[in-house]
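If you want the building blocks of each chain, they are given just below.
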Amino acid sequence: MKRTASAFWLNSPGAGEIREVTLPAPSEGEVLVRALYSGVSRGTETLVFRGGVPESQHAAMRAPFQEGDFPAPVKYGYLSVGEVEEGPADLVGRTVFCLYPHQTRYVVPVTAVTRVPENVPAERAILAGTVETAVNAAWDAAPLVGDRIAVVGGGMIGCSVAALLARFPGVRIQLVDADPARASVAKALGVDFALPRDALGECDLVVHASATEQGLARSLELLTPEGTVLELSWYGDRKVSLPLGEAFHSRRLVIRSSQVGTVSPARRSSRTYADRLALALELLADPAFDALITGESAFEELSQVMPRLTSGEIPALCHRVRYDKSA
C-alpha cells in the first residue's frame, strides 16, 4: 500500500504549494482514507490564504487536523470526502466525510470520520461542514412558526441557512444579497431573493452572514421592534462600525452571536458534535444543495486556483477539488 501522499500547504500569505508527505501505517482504531473530493470554503479559507487571521484568534481558528501555525506555513482545510482503504472491516470501502485539509490520502482516528449516507453523492458531501454550520445557526436562531425572516449574505453559509429555515412552517423568508447573480441560487434552493434595498422589513429574525459592515447595518434596519439579528459573520482582522445610536435602543433590538465551534448547552443540551454532523449529511440528500457548488478544479491546480479564489477572479460559493483516483 502506498505510504506517501500529497498535501496543499500555504507557504506564506498569498502563496501555496503541494508537498509530498509520508503517512504512517494506520494502527488499531485508525483508518487510511483516500480523498475523492474536498471543498474550499471561500470565506474562511481565503481569509487564511491572505493571512487575515487575527493573532488573538489563532487558537480558535485552528482546524481539527491543521499542521503549522497562522499566518504560515500552514496546512489548512476541513471539507474532505474520501474512501476508506484500510481500517475496521465495516468501514473499508465506505465513503466518509472528515474535517481534514486538502490532501490525497490521510490517516485519522475512526472517530474523526462520519459515514456518508448512500443517498448522498460524494461530490455533494463536501458541503457537510457548511450545512453543519447552518444546522447550528438554526438551533441558535430557534425560529417560530410564522416568523418573518431574512438571511443577509448569500454565501455558502447564508444560502445553507436560508435553505434550512425555509422548511419551517409558515415562515416568510428572503435571501438578501447585493449580487443579483445570487437570485438563481436562491431559486434553486426554493427561497425568495431580494437586493438589500428591496428586502422586506418588519422581520422577527435576521440572520447575518455577509461579513460586511453594510450588511450588518441593513440587518438591523430590517428588524421589527424587539427583533433579533443572529450574527454568523467572521470578520477576521477587520473592525466594524454600527449605528447603535439612532433607534437601536428605543426599538429594543438584539444582536446575538452564533459560532459553529460550540453547541449551545442552553438550547441543545442533549446534542453532540457527532449528532450535528450526521444530521447535516442526512439533509444533503436534497439535490437542491448542488447549487452551492459553483466551480471545480483538480487538486494539482490548487496552488494556481487559491489566489484567484481569494481575489474574486473566480467567483465561487463552494469550490470543489477533485482527486485523481490513482493518486
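Provided above is the structure to which this section pertains.
Here is a short report on the structure shown in this document.

With respect to the environment of F8
Within the fold, F8 resides in strand β1 (residues 4-12). Overall, the relative accessible area of 5% leaves F8 in the buried class. In this structure the C-alpha to C-alpha distance between F8 and I18, which are 10 residues apart in sequence, comes to 4.5 Å. Leaving out residues up to four positions away in the same chain, F8 has contacts with G16, E17, I18, F49, K75, H102, F299, L302, S303 and M306.

Considering helix α7 (residues 273-283)
In an α-helix, one turn spans 3.6 residues, which is why side chains three or four residues apart end up on the same side. Buried residues of α7: R276, L277, A280, L281 and L283, and no others. In a view along the axis of α7, the buried residues occupy a sector of 160 degrees, so they form one face of it. Turned more than 90 degrees off the buried face of α7, the exposed positions are A274 and E282.

Topic: the layout of surface pockets
What the second largest pocket holds in volume is close to 170 Å³. Lining the second largest pocket are 11 residues, with V135, A138, W139, L164 and F168 positioned closest to its centre. For the lining of the second largest pocket, the elements supplying multiple residues, two or more each, are α3 (128-141) and α7. If you tally residues by element for the lining of the second largest pocket, the top one is α3, at three residues. A class-by-class count of the residues in the lining of the second largest pocket yields nine nonpolar, no polar and two charged.

Describing the pattern of salt bridges
One side chain can pair with another of opposite charge once the charged atoms of both are near each other. Applying the stated rule across the entire model yields 19 salt bridges. A salt bridge links R34 to E83; the shortest N-O distance between them is 3.5 Å. Placement of R34 in strand β3 (residues 30-41) and of E83 in strand β6 (residues 80-86) is noted, with a sequence separation of 49 residues between them. E83 sits in the partly exposed class, given a relative accessible area of 27%. For R276, the salt bridge goes to E132, with nearest N and O atoms at 3.1 Å. Taken as a pair, R276 in helix α7 and E132 in helix α3 lie far apart in primary sequence, 144 residues in all. Per residue, the accessibility class of R276 equals that of E132, and both read buried. A single salt-bridge network, built from bridges that share partners, covers R34, E83, E85 and R105.

Observations regarding empty space enclosed by the protein
Over the atoms, a rolling probe the size of a water molecule traces out where space has been left empty. This model, assessed by the stated rule, comprises one cavity of 30 Å³ or more. Within this model, the largest cavity holds a volume of roughly 90 Å³. Considering the residues around the largest cavity, the lining is formed by F8, W9, L10, E45, V48, F49, V74, K75, Y76, H102 and M306. At the level of secondary structure, the elements contributing two or more residues to the lining of the largest cavity comprise β1, α1 (42-49) and β5 (74-75). Each residue belonging to the lining of the largest cavity can be placed in one class, and the counts come to eight nonpolar, one polar and two charged.

What counts, and where the lines are drawn
Residues numbered from 1 in each chain as written. Predicted model: local features only at pLDDT ≥ 70, side-chain atom pairs only at ≥ 80, totals over all residues. Heavy atoms only, no water. Helix = DSSP H or I, 4+ residues; strand = E, 2+ residues; numbered from the N terminus. Buried < 20%, exposed > 50% of the residue type's maximum accessible area, 1.4 Å probe, protein only. Contact = heavy atoms within 4.5 Å. Arc of directions from axis to C-beta. 1 Å grid on protein atoms, 1.4 Å probe; cavity = no way out; pocket = protein on both sides within 12 Å on 5 of 7 lines; lining within 4 Å. Points joined across faces, edges and corners; volume = space filled by probe spheres on them. Nonpolar A, V, L, I, M, F, W, Y, C, P; charged D, E, K, R; others polar. Salt bridge = Lys/Arg side-chain N within 4 Å of Asp/Glu carboxyl O.

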